[in-house]
Each structure stands twice: as structure tokens, then as C-alpha cells.
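# Notes for the structure review
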Amino acid sequence: MAFLELVGLTKTFGATVGVEAVDLAVERGEFVSLLGPSGCGKTTTLRMIAGFEQPTAGRILVGGEDITARRPNQRNIGMVFQAYALFPNMTVADNIGFGLKVARRPAAEIRARVSELLALIKLEEMGDRYPHQLSGGQQQRVALARALAIRPQLLLLDEPLSALDAKIRLSLRNEIRAIQRQLGITTLYVTHDQEEALSLSDRVVVMNRGRIEQVGSPFEIYNFPHSHFVASFVGTLNILPAEVVDPDAGIVRAAGQRIAAAPGLPGIAAGDRVMLALRPELLTLNRSEGMDNHLEGEVETIAFLGSIVRIQVRVQDALIALDEFNNPNLDLPAIGDSVAFGFPREACLILDGSG
């Protein structure tokens, strides 16, 4: 039996459906991210689990117990909010110990737990400071410690890093994952940042328009998307309209050329219109010997993105992005050059043309 179960979870706001018939099972100690664009229902789902929103239909079970009708303070769930929500008139230590104080725990127990958590978040010397005396990253650590102070059975994080700059965000997300692993606490993490979801999670739940599109490991979500939405939302994707020539052999026609995809296109017949999807990192510029497929086009833009250089090539009506690892000896084409690039048949994702 899964530790957390969502069964047919639904939330409507008048005539608007915020979350629709969500079924999800999360194992004890698992780190699961809810990933999707704004308005897809991920935060509403989290708030229903926390008890801040009541479902219109469906059930929430934790450890086999139905908690759907319980008030938030009866669920033993810790939550970290996007805006930190620290009490400005309380010290760091008092913020962390607030939940224990409300629960009327002995003062000695509160002091010991606060000291333990200050060490865990590496702010041992800042217990007497106030929130306004801390950086954004430090405030978020305090919010995390406060959520953990009550020893919750479940930890919920609602876009906790979105207000931080890129470098601090990277550092803090690694710390969050390390703490989660150390404590072994079951965690749900809401984000619209695909890099966060892919790097942090045991599994990723991709949501769209209130429904779950796909659940899988980061590897599965990125490399084997089940839908056009998942393929395009997670990672950068090139899309070319194509027509199926031979589904058994995996042959399609795109950009006026025959393209070989992986053999066997189930549920697709010759003549069907589909989408050929290609990840930029799987395309090889000017070194296409031995590749199954080749396309030609004209370089339209070149962008330096740190560790990679993204080259955009115009192929008929489509703009195709190719990624090259950056190095001082990289031989780049010029804008306007005619170039060829190749890719193996395994790089081809064939998606429903209706997407």
C-alpha cells in the first residue's frame, strides 16, 4: 500500500475545474514533484492535501487513513510556502519552534528540537536574529526547519525557490534534497521549473489543465514522453510535421525527406499525419557519417548558453535547434551558412499529429 494516495481528487471553483479526477500513489520516503504550467492545478492539489482547500470529490489517504475531512492542524503535515510566511516579530529560533509551542510541548523539548534543526539547516549562530536580518535563502531554510519541527509524516513544498536568484536556487535545492534523504520524509514538491523537477525527484507528475498527463522517473519523462504536451513542456523540442510512410519500418516523411524512426509505430497507419519531435542535443552538426538521417538548412541564429551553444537552422518552414557543447576550439558556422546535420533513428519521437 502506498503511503500517500489521491483517489479521484477533484476541485471545482464554480463552473471552473481546477483539478479533475487525479489519482496518484506516493511511496513512503519518496520525493515526487508536481510539474506543470501556471493554472494546471498543481498548487490546488497540494493545498487539498494540506487541508487548506476541501475537495469537491475524491479522497486523500495517508498511511491508509482517510484524512480528507480533517482540519490542517490534524493532519501532521509540514508545508513550506513560496513566500516563506515567517513571523517578522519572532526570532529565527521562535519561528522554528512555533508549531511545537502551539502543540504545548515542554520548553526543554522545544529548545532541543530548535537547536537540532538550526544545525540541520546550517544556521546555528543565527537563532537570535529576525527574518529581516536574513537573506532570502536563509529565510527559506528557516521556513523549511519550521515545517520539519513538528516531525511531520508528509512534507509539502509549494514553489519554495522561485523568489531566489539562480545560484542560490541551485545550492538550496541540493540542500533540500540532502535533508529529505537524511530524514527519509515523504515529500511533494510543486514547481513550474522543469530543471528543478528533473534534478530533485524520484518521480515527476506532469500536470496540464487540472489532469495528470504522465507520471514517471525523470529519465522516463524526458526520454519517453507519452503526449505532445509532455514532450514539449519538458526540455527543448524541435517539431516537424510528418506523414507516415511505413509504420512497421518506422519510416516517415518530413521536410521533403524520408526519415527513419525506431521500427514499429503502434496504432499508426500509412498516410497518417504525425509530429516528428527531435531533442537538440541528439542532432549532430557536420559530423553525420554513420547517422540514419540527414537534413540540410541555413543557420539563422547562434546563441551562447554557457556550457552549450544553441544553433538554430531553418529547414523549410521549421526552425530546428541544435546543441553543441561549448569549448575554446569549437568550429562554429556563421549565420547564413548552409549546413547539414544528422541524427540516429532512436532520436526520433513520433507524436500524435493532433497535439
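A few points on the structure. (Residues numbered from 1 in each chain as written. Predicted model: local features only at pLDDT ≥ 70, side-chain atom pairs only at ≥ 80, totals over all residues. Heavy atoms only, no water.)

A few words on the overall build of the chain. When helices and strands are tallied, the chain shows eight helices and 20 strands. Projected onto the principal axes, the alpha-carbon positions of the chain cover approximately 75 × 50 × 35 Å. In the chain, of all internal contacts separated by at least 6 residues, the share reaching a separation of at least 24 is 66%. If you sum the accessible surface of the chain, you get close to 17000 Å²; carbon and sulfur atoms cover 50% of it. The chain carries 34 positive and 41 negative side-chain charges, and their two centres are separated by 11 Å. (Helix = DSSP H or I, 4+ residues; strand = E, 2+ residues; numbered from the N terminus. Contact = heavy atoms within 4.5 Å. Areas by Shrake-Rupley, 256 points an atom, 1.4 Å probe, with all protein chains shown as cover. Lys, Arg positive; Asp, Glu negative; His and termini not counted. Charge placed at Lys NZ, Arg CZ, Asp CG, Glu CD.)

Phi at Arg-104 takes a positive value of approximately 60 degrees, unusual for a residue other than glycine. Tracing the chain through its elements places Arg-104 in the loop between helix H2 (92-102) and helix H3 (107-120). Located in the positive-phi region is Ala-255, a residue other than glycine, with phi close to 55 degrees. Taking relative accessible area as the criterion, Ala-255 reaches 15% and is therefore assigned buried. (Buried < 20%, exposed > 50% of the residue type's maximum accessible area, 1.4 Å probe, protein only.)

Every regular strand shows the same layout, with side chains that alternate between the two sheet faces. Counting buried residues along strand E8 (residues 186-191), six of its six residues qualify, which places the element largely inside the surrounding structure. Both faces of E8 are covered, namely the face carrying Thr-186, Leu-188 and Val-190 and the face carrying Thr-187, Tyr-189 and Thr-191. Where strand E3 (residues 31-35) lies against E8, five bridges are found, and the strand directions are parallel. Paired with Leu-35 across the bridge in E8 is Thr-191. Sheet analysis places strand E7 (residues 154-158) next to E8, joined by five bridges and oriented parallel. Looking at the pairing, Leu-155 lines up with Thr-187 of E8. Handedness of the β-α-β unit built from E7, helix H5 (residues 166-183) and E8 comes out right-handed. (Pairing = 2+ DSSP bridges. Right-handed = clockwise from strand over helix to strand, strands pointing away.)

Let us now look at empty space enclosed by the protein. One simple way to see leftover space: roll a probe sized like a water molecule over the atoms. Applying the stated criterion across every chain yields a total of one cavity of 30 Å³ or more. Approximately 40 Å³ is the volume attributed to the largest cavity. Residue lining of the largest cavity: Val-80, Gln-140, Arg-141, Leu-144, Leu-157, Pro-160, Leu-172 and Ile-176, and that is the complete set. Within the residue set of the lining of the largest cavity, elements represented by two or more residues are helix H4 (136-149) and H5. Looking at the lining of the largest cavity residue by residue, the classes come out as six nonpolar, one polar and one charged. (1 Å grid on protein atoms, 1.4 Å probe; cavity = no way out; pocket = protein on both sides within 12 Å on 5 of 7 lines; lining within 4 Å. Points joined across faces, edges and corners; volume = space filled by probe spheres on them. Nonpolar A, V, L, I, M, F, W, Y, C, P; charged D, E, K, R; others polar.)

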